[in-house]
Amino acid sequence: VVWYLGYDQGNLYLAMDSPCPEGTWPVARVRPEDALEQSIDYPLLHDDHVEIQFGTYGRDKASLGGYGFYKILANARGALSDKHWHNGTPGSEELWEYGGDIACRVADNAWRMELRVPLRAIGIARPEGPDGFRMPVQLVRADSSGGPYFAGWVGGTWMAWDDFGEIVLDPAAPAFRFRTM
């Protein structure tokens, strides 16, 4: 699995390219219209899916009420679940909507996904600071077809914030542009 990340003043962009063994397709039973139901986490967990977690407020506050973290689950059909965990109001996790765009397609023995996440939706007013904006992130590609299998950017449980990788949004970083996907 290959992930690509980029950002501009208003959005974080993620793209994923996940190869599929020849003759196979990702399991994706949940449809985007099913997302109208209150909770589709459980069915999505049994599809092949991605899990993206943003620890905007830092590693030490990801499990702390009033701060927490943002999580997006999505399958190959583009069905998704978005939640703000530990936001300080128990039971309101599902009220958060990331407000971005998703595009998924399966072709050429690969599942490809593109995701736009508005920075304000994940609590980032300005993506800059003296050393850039730093944020722990976990990127996971989960496969359910042969039994649950989770391949994360960093190994560990979904709450292992001390182990997760960190991205830096820094205007001094080199710029690039995707010519094709």
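Analysis parameters
Residues numbered from 1 in each chain as written. Predicted model: local features only at pLDDT ≥ 70, side-chain atom pairs only at ≥ 80, totals over all residues. Heavy atoms only, no water. Phe/Tyr/Trp six-rings, centres within 6.5 Å; stacked < 30°, edge-to-face > 60°. Helix = DSSP H or I, 4+ residues; strand = E, 2+ residues; numbered from the N terminus. Buried < 20%, exposed > 50% of the residue type's maximum accessible area, 1.4 Å probe, protein only. Pairing = 2+ DSSP bridges. Axes fitted to C-alpha atoms, helices over the stretch in contact; angles between N-to-C directions. Contact = heavy atoms within 4.5 Å. pLDDT = per-residue confidence, 0-100.

(A) View of the packing of aromatic side chains. One pass over the full model with this rule turns up seven aromatic pairs. Ring centres 5.8 Å apart and planes at 75° place the aromatic pair Trp-85 and Trp-158 in the edge-to-face group. Linking Trp-85 in strand 5 (residues 80-85) with Trp-158 in the loop between strand 9 (149-152) and strand 10 (165-169), this pair joins segments that are 73 residues apart in sequence. With a relative accessible area of 24%, Trp-85 lands in the partly exposed category. Of the aromatic side chains, those joined through ring pairs into one cluster are Phe-69, Trp-85, Trp-158, Trp-161 and Phe-164.

(B) Quick look at the environment of Asp-108. Its place among the elements puts Asp-108 in the loop between strand 6 (101-107) and strand 7 (110-118). Between the C-alpha atoms of Asp-108 and Glu-22, which are 86 residues apart in sequence, the distance is 8.8 Å.

(C) Representation of the sheet that holds strand 2 (residues 11-19) in the model. Read across the open sheet, the four strands follow the order 1-2-7-6; overall the sheet is antiparallel. Lying at the two open borders of the sheet, with one neighbouring strand each, are strand 1 (2-7) and strand 6. Across the sheet, the axes of successive neighbouring strands diverge by a mean angle of 10°, strand direction being ignored. Bridge count between strand 1 and strand 2: six bridges; the pairing is antiparallel. By the bridge assignment for strand 2, Val-2 is matched with Asp-17.

(D) Up close: the environment of Asp-163. In this fold, Asp-163 is placed in the loop between strand 9 and strand 10. By relative accessible area, Asp-163 is classed as partly exposed at 48%. C-alpha separation for the pair Asp-163 and Val-137, spaced 26 residues apart in sequence, amounts to 9.8 Å. When residues no more than four places from it in sequence are discounted, the contact partners of Asp-163 are Arg-59, Val-154 and Gly-155.

(E) Focus on the confidence of the model for the chain. Across the chain, the average pLDDT comes to 85, with 88% of residues at or above 70. For the chain, the element scoring lowest by mean pLDDT is strand 9, at 74; strand 7 scores highest, at 95.

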